[in-house]
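Letter by letter, the chains look like this.
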Protein chains: 2
Amino acid sequence: MNPDQAYAELIRLSRTESILSSCAQLLQWDAEINMPRRGVEHRGQQMGLLAGLAHERATDPLREELLTVVEQSPLVADPESAESVNVRELRHDYDRATKLPRDLVEEMARVSAMSSQAWAEARDKNDFAAFEPWLDKTFDLARQKADAFGYDDVRYDALLEDFEPGMTAAQLTPMFEKLRVELVPLVDALRDKPAPQVKGEFPIERQRELSEGIARTLGFTADTGRFDLGPHPFCSFIGPGDVRIALRYRADDFSSGFLAVMHETGHAFYELGLDDEHYGTPMGSAVSLGIHESQSRLWENYVGRSPGFWRHFYPGLQREFSDALSTVTIDTFRKSMNRVEPGLIRVEADEVTYNLHIIIRYELERALLDGNLTARDLPDAWRQLYQQYLGITPPDDKTGCMQDIHWSEGLIAYFPTYTLGNIYSAQIFAAADSDVGPLEESFAKGEFAPLREWLREKIYRHGRRYKAPQLVERATGGAADSKHLVASLTQRYM
Amino acid sequence: MNPDQAYAELIRLSRTESILSSCAQLLQWDAEINMPRRGVEHRGQQMGLLAGLAHERATDPLREELLTVVEQSPLVADPESAESVNVRELRHDYDRATKLPRDLVEEMARVSAMSSQAWAEARDKNDFAAFEPWLDKTFDLARQKADAFGYDDVRYDALLEDFEPGMTAAQLTPMFEKLRVELVPLVDALRDKPAPQVKGEFPIERQRELSEGIARTLGFTADTGRFDLGPHPFCSFIGPGDVRIALRYRADDFSSGFLAVMHETGHAFYELGLDDEHYGTPMGSAVSLGIHESQSRLWENYVGRSPGFWRHFYPGLQREFSDALSTVTIDTFRKSMNRVEPGLIRVEADEVTYNLHIIIRYELERALLDGNLTARDLPDAWRQLYQQYLGITPPDDKTGCMQDIHWSEGLIAYFPTYTLGNIYSAQIFAAADSDVGPLEESFAKGEFAPLREWLREKIYRHGRRYKAPQLVERATGGAADSKHLVASLTQRYM
């Protein structure tokens, strides 16, 4: 087989795997949005079958042969060509996929299913002791997984590679440390700063219409996406031309639903901005969870909370919810959306304190993975860090170390991508603003195309051409640095 | 491999094929109900991939080996055991699936896609000449397909086997002939019999609530199914515990939406009544399209149009739509639902004339397949038969021989299953009524479990254990005969 044929076959295999995964994606979306309750068992069988078929293709030994042919050919002479990127990344994925022994993969799936069920029950009963053995087991398997992958420096890196390829603990730790040192006093300073609260009734149907209308104005059109009500907000990428957003609204609070719309629309823009021509290959895939989150956070925090944005949209909002807003100024409205208050629950945290929730989890999961902390000692360690960084102590484990599902599902080294997203988003927005801004002025005129075009050019269209830190550096002209986030938070909140 | 292992492997292959097809089923449902417009191309790729994977499993040569081992073993000693039925039917399916040359399968898929597009355009422009070559090509391919399958008597049988296994033209022709001879004078006699028309406004949201509420009362529960608005009414079987009904309502007419709910609920009950334990094998599959249609027609025509049913539901309906119905008696309401009027369009036809539409198509598609009629002569032949059987002549081909999509998609020998469904439904309902009736009295009390239980016992749970004619004979005590349909129509309409 000549290199051209081998490359074409490699791309075909990759696309097939992606299409199979996209079928599973639709099934998953449907399970959350539409499926009747008793369809769950069959859905599990469908998902299991599709996952198995996708995995077969990901680990097909034919890939090794094809890769070897192409890697030694002139097709990969230019390291930034689509061919080179695809071959490099497919090699990366294949090597990782084939490094895990089948026994371990099955054991992890089995434990994850049982452990997340044990977690849900234990959390409801506030019974950490019932969850504790599952947590030890999960971290034990995570160590085995990391060892199977291999690593240069610390075990954690081997796991982080699944979510944020190219990132290491050696880069993360000082970045997070620097951020924490600046955030703790900022949170302290904001603790006693009063923020107005806007009270009133925001009928959900009207919130939906309004929020969806705003997303349409930003460029999320009905021919390539849809909105649904779901059990929690999420964005689901089914395939080119089909990205779906699920949302949840609260009748007593406008901002939670609205900010979720902005957040998920940011995720959607990234997926819709990938190059359709490269669908199903690394060149047409999102680069990392951190970059994905940077896109959602950018639209949520740097567009959706901005004064310019509300100069454009607030008059309409005020008309729509005149009962609640007729006497509320735009300034009061925005301030009420930007309340900062240390709380126990990560998913309810404001923009400033959120990162401290993540840093706590990062420190704890690193200790659990290294064996410096056992599950038994987690609740105490959790309480200590919450007291130390946020000045509050959870009264129980339900609102403490059992609040998140991630660890129970075996997702170790996932949390940092949230804060990486926040760090990247500040830096990326600042660069976009400097290149094509002042963006506030575009927003005030209801124009969002300049920002989207800049993002498409600098971020979306590159797929996995560069690793995340490289991509950020190329887009912004500087290495990833939390200083942009701190500067923005300080400027906006102090 | 011993017979037990071979049988287990055979079942595993069959289930896998079914689960893959069920994923495609969900994708198809989603394409009609939810998919954003621009998702269509990717959806085609997903469907194509899944169809290919299911086909690979259906034609896996391993099946031949496994079947051979089991067929010679004591596992199939009792011909009515689940094992025997599964082996017999899997052999049937495998032999058929492997008889078609790959070239022919691909050519049929290609022509079907283009032909149905040509049909849609030609119909819109009322330009039969543009569709004519596609129709010839389609029947030419159907002849090749029939010859590849092989047949004992006439080519038509080889195609009919796809939709109504075990049925032959030799059985159909006299059954349809006898029916036609009785229906033509019945339609004539009803032609000038006036039926009242109920006019008024039936707000769609309230129709939905009411119709869905009725289906719930019949036993279609939210934990195993859902309703959606769709471009046309259909029932989609996703898997055990997940059956979905799509509906369309008209604000100026209650009965069209309501009868569709009853019809699709009948289909749903059949799927939900199959034995979950046998999911993905012949023992857990519907036996034929004719039997499927008999279940939808039974609930539509023998339950939903019955006086007992409306004794129970009419008072509520009258309250709900008091503007339109307060002065309409139950008798007038029922009569308005049961109008008989020869018309040009099959899908709008009433219960009595409907079968003449089908018989016309049966006669014409047999002549087209035999080569006794060419596409060029179809419009004339169509007009002649409509005049002869229904006493009306279509003014153009758009409302004449181009009204249905079926032939353009290569569905030849599909139409008869509609009238078989009507014939079976009358016979099956009469038997149920005689066994556990009078069912009218149950309906009047809002009790539908006796009918459903009888159907489960006599029809649903057998899957493909018996061929359709045998199943009908065992359930009703007599061979399939159109006399029950004629008797019921005469009794109800004259």
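Residues numbered from 1 in each chain as written. Chains lettered and ligands numbered in written order. Predicted model: local features only at pLDDT ≥ 70, side-chain atom pairs only at ≥ 80, totals over all residues.

Summarise the overall build of chain A; cite the residues concerned and give the values.
Tallying secondary structure elements over chain A gives 21 helices and three strands in all. Taken along the three principal axes of its C-alpha coordinates, chain A extends 75 × 50 × 50 Å. Within chain A, the fraction of its 494 residues that count as buried is 43%. Sequence-distant contacts in chain A: of pairs separated by 6 or more residues, those separated by 24 or more amount to 72%. (Helix = DSSP H or I, 4+ residues; strand = E, 2+ residues; numbered from the N terminus. Buried ≥ 20, exposed ≤ 12 C-beta atoms within 10 Å, placed from the backbone. Contact = placed C-beta atoms within 7 Å.)

Which residues make up helix α10 (residues 254–273) of chain B, and what are the values?
The first and last C-alpha atoms of α10(B) sit 28 Å apart over 20 residues, in line with the 28 Å expected at 1.5 Å per residue. Burial analysis of α10(B) places 16 of its 20 residues in the buried class, the great majority of the element. (Expected span 1.5 Å × (residues − 1).)

Summarise the environment of A:Phe443; cite the residues concerned and give the values.
Residue and element names in this part refer to chain A. Relative to the elements of secondary structure, Phe-443 occurs in helix α18 (residues 439–444). You can call Phe-443 buried: it has 24 C-beta atoms within 10 Å. In this structure, the C-alpha to C-alpha distance between Phe-443 and Arg-297, residues 146 residues apart in sequence, is 16 Å. Residue contacts for Phe-443: discarding those within four places in its chain leaves Val-303, Ser-306, Gly-308, Phe-309, His-312 and Phe-448.

Report on the sheet that holds strand β3 (residues 242–247) of chain A, specifying residues and quantitative values.
Residue and element names in this part refer to chain A. In spatial order, the strands read β1-β3-β2; together these three strands make up an open sheet with mixed pairing. Of all the strands in the sheet, the pair left with one neighbour each is β1 (225–229) and β2 (234–239). Shown here is a sheet whose adjacent strand axes are inclined to one another by a mean of 20°, direction ignored. The pairing of β1 with β3 spans five bridges and is parallel. Bridged to Asp-228 within β3 is Ala-246. (Pairing = 2+ DSSP bridges. Axes fitted to C-alpha atoms, helices over the stretch in contact; angles between N-to-C directions.)

Report on the nonpolar core, specifying residues and quantitative values.
Residues A:Cys23 and B:Cys23 are the most contacted members of the largest nonpolar core, which totals 228 residues. With residues up to four places along the chain from it excluded, the contact list for A:Cys23 reads A:Leu50, B:Cys23, B:Leu27, B:Gln46 and B:Leu50. (Core = buried A, V, L, I, M, F, W, Y, C linked by C-beta atoms within 7 Å.)

Report on the pairing of β2(A), specifying residues and quantitative values.
Residues and elements named next belong to chain A. Counted residue by residue, β2 has five buried out of six residues, so it is predominantly covered. Pairing between β2 and β3: five bridges, direction antiparallel. Bridging from a neighbouring strand, Phe-237 pairs with Val-243 of β3. Once β2 ends, the chain turns through two residues before running back antiparallel as β3, passing Gly-241 with a positive phi of about 80°.

Got a sec to walk through helix α17 (residues 416–436) of chain A? Specific residues and values, please.
It helps to recall that an α-helix has 3.6 residues per turn; residues three or four apart then point in one direction. In this model α17(A) runs 30 Å from its N-terminal to its C-terminal C-alpha over 21 residues, within 8% of the 30 Å that 1.5 Å per residue would give. Most of α17(A) is tucked away, with 15 of its 21 residues classed as buried.

Lay out the interface of chain A and chain B with the relevant residues and their values.
If you look at the interface, chain A gives 31 residues, while chain B gives 31 residues. Counting residues per element, the ones that place at least two in the side of chain A that touches chain B are α1 (3–33), α2 (40–58), β1 and β2 of chain A. A total of eight residues in the side of chain A that touches chain B trace back to one element, the largest contributor, which is α1(A).

Let's hear about unusual backbone geometry: which residues, and what values?
Excluding glycine, residues mostly carry a negative phi; peptide bonds, for their part, are mostly trans. Residue A:Gly437 is joined to A:Pro438 through a cis peptide bond whose omega torsion reads 5°. By the element assignment, A:Pro438 lies in the loop between α17 and α18. For B:Asn126, which is not glycine, the phi torsion reads 50° and is therefore positive. With respect to the helices, strands and loops of the structure, B:Asn126 is situated in the loop between α5 (102–124) and α6 (128–149). Overall, B:Asn126 belongs to the partly exposed group, with 14 C-beta atoms counted inside 10 Å. One non-glycine residue with positive phi stands out, namely B:Ala413, at about 80°. Here B:Ala413 is to be found in the loop between α16 (378–390) and α17 (416–436).

Could you give me a rundown of the sheet that holds strand β1 (residues 225–229) of chain B, with the residues and numbers involved?
Residues and elements named next belong to chain B. Strands sit in the order β1-β3-β2 across an open sheet of three strands; the sheet is mixed. With one partner strand each, in any of the chains shown, β1 and β2 (234–239) form the two edges of the open sheet. On average, adjacent strands in this sheet sit at an angle of 20° to one another, irrespective of strand direction. Where α10 meets the sheet, its contacts fall on β1, β2 and β3 (242–247), and the angle it forms with β3 comes to roughly 165°.

An account of the domain arrangement of chain A is requested, with residue identities and associated values reported.
All names here are of chain A. Per the domain assignment, the segments making up chain A are domain 1 (1–99) and domain 2 (103–494). The straight-line distance from the C-alpha centre of domain 1 to that of domain 2 is 27 Å. Between domain 1 and domain 2, the residue contacts involve 19 residues of the former and 19 residues of the latter. Secondary structure elements with two or more residues in the side of domain 1 that touches domain 2: α1 and α4 (82–99). Broken down by element, the residue count for the side of domain 1 that touches domain 2 peaks at eleven residues, all from α1. Along the lines of polarity and charge, the residues of the side of domain 1 that touches domain 2 split into eight nonpolar, five polar and six charged. (Domains from an automatic or database assignment. Nonpolar A, V, L, I, M, F, W, Y, C, P; charged D, E, K, R; others polar.)

So what's going on with the environment of A:Ala349? Residues and values would help.
Relative to the helices and strands, A:Ala349 is located in the loop between α14 (330–337) and α15 (354–370). Setting aside anything within four residues of it in sequence, one finds A:Ala349 in contact with A:Gly343, A:Tyr354 and A:His357.

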